[in-house]
Amino acid sequence: AAAAGGGWAAVCEKFRTARTLSAVESRKDPETEPYRSKYSARALLQEVKQLLSAAEEGGEARLGAVRRAVLEYELGVNHTDTEELSAGEEHLQRCTQLLQPHRLSPDCVSLYIQAQNNLGILWSERDEIKTAQTYLESAEALYNQYMKEDGNPPLDPSEHFMAEEEKLTDQERSKRFEKAYTHTLYYLAQVYQHLEMIEKAAQYCHTTLKRQLEYCGYYPVEWALNAATLSQYYLSKQCFMESRHCLAAASVIFSQAEQVPSAEDNETEQDQQDLRQRKAEIARCWIKYCLNLLQSARKLLEDNIGELDPDRQLELKAQRKKEEDEKEEGRKKAVLFGTSDICDSVLAMEEKVSSVYPLDFQEAREIFLVGQNYVQEAKEFFQVDGYVTDHIEIVQDHSALFKVLAFFEEDYERRCKMHKRRVDMLEPIYADLNPQYYLLISRQLQFELADTYYEMMDLKVAIGNRLEELDSHTIKKINSLAQLAIKYYELFLDSLRNPDKVFPEELDEDVLRPAMVAKFHIARLYGKLITSDSKKQLENMQTSLEYYTFLVDYCEKYPAAVRAVETELELSKEMVGLLPTRMERLRAKLCPFI
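Residues numbered from 1 in each chain as written. Predicted model: local features only at pLDDT ≥ 70, side-chain atom pairs only at ≥ 80, totals over all residues. Heavy atoms only, no water.

Caption draft 1: Examining the overall build of the protein more closely. For the protein, the helix and strand inventory stands at 22 helices and zero strands. Rg of the C-alpha trace for the protein: 34 Å, well past the compact-globule value of 25 Å for 594 residues, more than 25% over. Every one of the 594 residues in the protein was classed for burial, and the buried ones make up 45%. In the protein, the share of contacts with a sequence separation of at least 24, taken over all contacts with a separation of at least 6, comes to 70%. With 74 positive and 102 negative side-chain charges, the protein shows a separation of 4 Å between the mean positions of the two kinds. (Helix = DSSP H or I, 4+ residues; strand = E, 2+ residues; numbered from the N terminus. Rg over C-alpha atoms; globule rule 2.2 N^0.38 Å. Buried < 20%, exposed > 50% of the residue type's maximum accessible area, 1.4 Å probe, protein only. Contact = heavy atoms within 4.5 Å. Lys, Arg positive; Asp, Glu negative; His and termini not counted. Charge placed at Lys NZ, Arg CZ, Asp CG, Glu CD.)

Structure follows, in structure tokens:
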């Protein structure tokens, strides 16, 4: 079925040139003509198509049909690349129709799967995700059926336009076929993500990443980012071992990109900048890992007033001793990435940080320190100038690391110092922030600063309670911390006022709980202020009562709010009952003759 007199070699040459134009030359096209090479390739493919139909008059129908299918496929991809989706779809559909009867034979299966993949991508681009899903799942099913029934390395589509001596080795065929199937899984992962089938998406993403390593078909930076993203999914499911494994693999593979300059060898400053940014993004995923692991451990260990429960701690330590490592071994096999040399580096990376719940200060501190190192790394890139929001989020995570570490610290003085570190990192940032442009972040910082001062005040009171007698230094400290907490809570509440400085009648859902907690804490803080001046004390009690009353009245007026502040409301009602009597007593002491 060759064109007359050595014409077949010319046909193959044209086909090869078209593919080179498309894959290689098109990268160098000028911005003014971005598709120049693609259009030239298209013209050549059309010529090959005409030569084929002329040569096929007496040829074998099956062979001709498969070759035509290859051309339809190439034309389909070409039109999709130049954003002509309808024409692209027509060509790809023709390709699958021609192959339909032979789709399970070794000379057609790879091409058929690749056509289905491209139809899947095409429908995704049209936002028709369900249709895309159908094509991709059909490609997946065909791969599985072929591997079960035949399993021999099938022909690569390009081989239909090659001379016998140029044909590929079985090894190369297998590699290309597996790569096409990896693409199927990669696009399916994205489709499931779109359809919010999150668990399935994660499973397909994981398989894709494993296969990309296995067949060495990946770009290190992209692979590392996908693995780091997947780690965040495992984090949300509290699967810390899997999450750590993905992050360790991400760091190891990313370091390949840092060692190997890009293929073009003329890396621009922009490329360097991108690499630094990606590295900082992976560091941020590590911060979240350490923070989540510590916070989850705190949830397991805290009692009903948020302190570490020593009985629970002993119980969990005993349980951990008892649990064999078998479980981990079984789970490990299911998720492991890569070949042995990569595995060793990943293992070494994993050993730097635990994946089991820390149960005491020492264990918590080790995780904290890893997190803190990644905070420094992330901050190197995400600096305040140019990356305000990112920078502040990283500092907030750093503060959260200190907050959760303080939970594990038994010594109140040392715990207080940790909270002081939080204040020291948050206050300067807050001071430099323009609340007009960054209202949300500004509120978060006001609230967190208020909470931190509140916590420190509580700790100082607890330290004071252990003394025989409160000395003036401790009293001063307690009062100053309480005043600072009040200042920041009031700033937060003021940010909710309208331009005429009026506090809202009804609070929005997203600020309801923080606003109520702020009111409740201010009420408590006025009650904690220490003064020997009874008149001042009466004023403080009056202010305290007003804030407690606000809470009670608000919840009566808007019963839906009760759910958000059940504990605070209960205590507020109690105080609204108690305070007037206490104030009466104090007044009687002040003016006994009235």
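Past the structure itself, the notes keep going.
Caption draft 2: Spotlight on a nonpolar patch on the surface. Judged by side-chain polarity, L467, L470 and I530 come together as a nonpolar surface patch covering roughly 200 Å² of accessible area. Structurally, the position occupied by L467 is in the loop between α18 (439-465) and α19 (472-494). Residue L467 is classed as partly exposed on the basis of its relative accessible area, which comes to 35%. (Patch = residues over 30% accessible without salt bridge, like charges linked within 9 Å, V, L, I, M, F, W, Y side chains within 5 Å. Areas by Shrake-Rupley, 256 points an atom, 1.4 Å probe, with all protein chains shown as cover. Salt bridge = Lys/Arg side-chain N within 4 Å of Asp/Glu carboxyl O.)

Caption draft 3: Fine view of the packing of aromatic side chains. For the structure on display, the rule yields 29 aromatic pairs. Considering the side-chain rings of F550 and Y554, the 5.9 Å spacing of their centres and the 25° angle between planes classify their relative orientation as stacked. Of this pair, F550 and Y554 both sit in helix α21 (residues 534-557), four residues apart, which is roughly one turn of that helix. One aromatic cluster is present, formed by F240, W286, Y289, Y357 and Y374 through successive ring pairs. Positioned over the ring face of W123 is R126, at 4.6 Å from the centre of the ring. (Phe/Tyr/Trp six-rings, centres within 6.5 Å; stacked < 30°, edge-to-face > 60°. Lys NZ or Arg CZ within 6 Å of the ring centre and 35° of its normal.)

Caption draft 4: Summary view of helix α22 (residues 566-590). For α22, built from 25 residues, the straight-helix expectation of 36 Å at 1.5 Å per residue is met to within 8% by its first-to-last C-alpha distance of 36 Å. Within α22, burial applies to E568, L569, S572, M575, L579, M583 and L586. Buried residues along α22 sit in contact with α20 (509-528) and α21. (Expected span 1.5 Å × (residues − 1).)

Caption draft 5: Expanded view of the environment of F361. For F361, the location among the structural elements is in helix α15 (residues 361-381). Between the alpha carbons of F361 and R173 there is a distance of 55 Å; along the sequence they are 188 residues apart. Those residues in contact with F361 that sit more than four places away from it in its chain are L405, F408, E409 and M418.

Caption draft 6: Spatial organisation of the packing of helix α5 (residues 109-125) against helix α6 (residues 129-149). Running from N to C, α5 and α6 cross one another at 165°; their axes reach a closest spacing of 7 Å. Considering their axes alone, α5 and α6 lie roughly antiparallel with respect to each other. The chirality of how α5 crosses α6 is left-handed. Residues V109, Y112, I113, Q116, N117, L119, G120, W123 and S124 of α5 touch α6, and the partners they reach there are I129, T131, A132, Y135, L136, S138, A139, L142, Y143 and Y146. Its residues assigned to classes, the contact of α5 with α6 shows 13 nonpolar, six polar and no charged. (Axes fitted to C-alpha atoms, helices over the stretch in contact; angles between N-to-C directions. Parallel < 35°, antiparallel > 145°, perpendicular 65-115°, else oblique. Left-handed = near helix turned anticlockwise from the far one by under 90°. Nonpolar A, V, L, I, M, F, W, Y, C, P; charged D, E, K, R; others polar.)

Caption draft 7: Structural context of α19. The terminal C-alpha atoms of α19 lie 32 Å apart, and with 23 residues this matches the ideal 33 Å at 1.5 Å per residue to within 8%. What α19 keeps buried is the set T474, I478, N479, L481, A482, A485, I486, Y488, Y489, F492 and L493. Next to the buried residues of α19 lie α17 (412-431), α18 and α20. Of the residues that open α19, the one with a side-chain oxygen 3.2 Å from the backbone nitrogen of H473 is D471. (Polar contact = N/O pair within 3.5 Å; in protein donor to acceptor, adjacent residues only side chain to side chain.)

Caption draft 8: Expanded view of the nonpolar core. Judged by nonpolar contacts, the single largest core of 174 residues is most densely connected at F161, W286, Y289 and Y489. It is helix α11 (residues 269-301) that provides the largest number of residues to this core, a total of 14 residues. Lining this core are residues from two domains, each supplying at least three of them: domain 1 (1-238) and domain 2 (518-593). Every residue in contact with F161, bar those within four places of it in the chain, is listed here: W8, V11, C12, F15, V48, L52, R67, V70 and L71. (Core = buried A, V, L, I, M, F, W, Y, C linked by side-chain atoms within 4.5 Å. Domains from an automatic or database assignment.)

Caption draft 9: Quick look at the pattern of salt bridges. Under the counting rule described, the total for this entry stands at 40 salt bridges. With its nearest N and O atoms 3.0 Å apart, the salt bridge here joins D81 to K38. Of this pair, D81 sits in helix α3 (residues 61-81) while K38 is found in helix α2 (residues 36-55), placing the two residues 43 residues apart along the sequence. Exposure remark for K38: the relative accessible area of 12% places this residue in the buried category. A salt bridge links R126 to E89; the shortest N-O distance between them is 2.9 Å. You can see R126 sitting in the loop between α5 and α6 and its partner E89 sitting in helix α4 (residues 85-99), a full 37 residues away along the chain. Overall, R126 belongs to the partly exposed group, its relative accessible area being 24%. Among the charged side chains, a network of salt bridges with common partners joins K49, E72, E90 and R94.

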